[in-house]
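The chain contents come next:
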Amino acid sequence: MDEAARVADADDVLEGETLLFTVRDDEGELAEAFCTRLADGTVVAYRNYCQHWTDVRLDKGDGARVTNGEVWCQKHGATFQLDTGVCDFGPCEGSVMERVDMTVADGGVYVDDEAYAFEHLGPSGVDKGDGGDSRIDFTGN
Ligand code: FES
């Protein structure tokens, strides 16, 4: 695998947690994604935004809420199945998160998607205005 595409050691991608990272898309724009491990050991990754309000991040930098194989949006409580990306509850029910293809090899987790190139671990640092954070969210913040 291309070492430039290596996101993390495979041991650092855990079930029940998300690991935030930044990619560059095929138009040269930075975008955030998160990866996690499913119960069967598979590593999956998705773009880091809610399908309801696309300016709302699921992982705000300290890990998204993950329970029972689902990631939550803390704004209005939508839940997305991590194996399929499908929203099965909430205002965007039936929508599907945007997947980023990954490969696990040589003890590492790699971005393996023609549309994205790995940039760095952590947030993109790009301020998109994030209007979602200025509105009251599910947690009252
Ligand atoms: S912004 Fe995510 S459920 Fe509304």
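Residues numbered from 1 in each chain as written. Predicted model: local features only at pLDDT ≥ 70, side-chain atom pairs only at ≥ 80, totals over all residues. Heavy atoms only, no water.

Caption draft 1: Inspection of the sheet that holds strand 9 (residues 102-105) at higher detail. The strand order across the open sheet formed by three strands is 1-10-9, and the pairing between neighbours is antiparallel. Each edge of the open sheet carries a strand with a single partner, namely strand 1 (6-9) and strand 9. Taking each pair of neighbouring strands and ignoring which way they run, the sheet shows an average axis angle of 25 degrees. Sheet topology note: the strand 9/strand 10 (residues 108-111) ladder contains four bridges and is antiparallel. Across the sheet, the residue bridging to Ala105 is Gly108, located in strand 10. (Pairing = 2+ DSSP bridges. Helix = DSSP H or I, 4+ residues; strand = E, 2+ residues; numbered from the N terminus. Axes fitted to C-alpha atoms, helices over the stretch in contact; angles between N-to-C directions.)

Caption draft 2: Quick peek at the pattern of salt bridges. Tallied over the full model, the rule gives four salt bridges. In this structure, Arg6 engages Asp9 in a salt bridge whose closest nitrogen and oxygen atoms are separated by 2.9 Å. Taking relative accessible area as the criterion, Arg6 reaches 23% and is therefore assigned partly exposed. The class for Asp9 is partly exposed, based on a relative accessible area of 37%. Salt-bridge contacts for Glu98 lead to Arg47; the nearest nitrogen and oxygen are separated by 3.5 Å. Here Arg47 lies in strand 4 (residues 43-47) and Glu98 lies in the loop between strand 8 (87-89) and strand 9, a separation of 51 residues in the sequence. Among the residues examined, Arg47 registers a relative accessible area of 17% and is labelled buried. (Salt bridge = Lys/Arg side-chain N within 4 Å of Asp/Glu carboxyl O. Buried < 20%, exposed > 50% of the residue type's maximum accessible area, 1.4 Å probe, protein only.)

Caption draft 3: Geometry of the side chain of Glu70. In this structure, Glu70 sits in strand 6 (residues 70-72). Among buried Asp, Glu, Lys and Arg side chains, Glu70 stands out as unpaired, with Arg65 the closest opposite charge at 9.4 Å. Residue contacts for Glu70: discarding those within four places in its chain leaves Arg65, Thr79, Phe80, Gln81, Leu82 and Asp88. (Lys, Arg positive; Asp, Glu negative; His and termini not counted. Contact = heavy atoms within 4.5 Å.)

Caption draft 4: Summary view of the sheet that holds strand 2 (residues 19-25). A sheet is described by the order of its strands in space; here four strands give the open sequence 4-3-2-11, paired in antiparallel fashion. Each end of this open sheet is capped by a strand with a single partner; those strands are strand 4 and strand 11 (116-121). This sheet shows a mean twist of 40 degrees between the axes of neighbouring strands, independent of strand direction. Bridge count for strand 2 against strand 3 (residues 30-37) is six bridges, and the pairing is antiparallel. Within strand 3, the position partnered with Leu19 by the bridge is Cys35.

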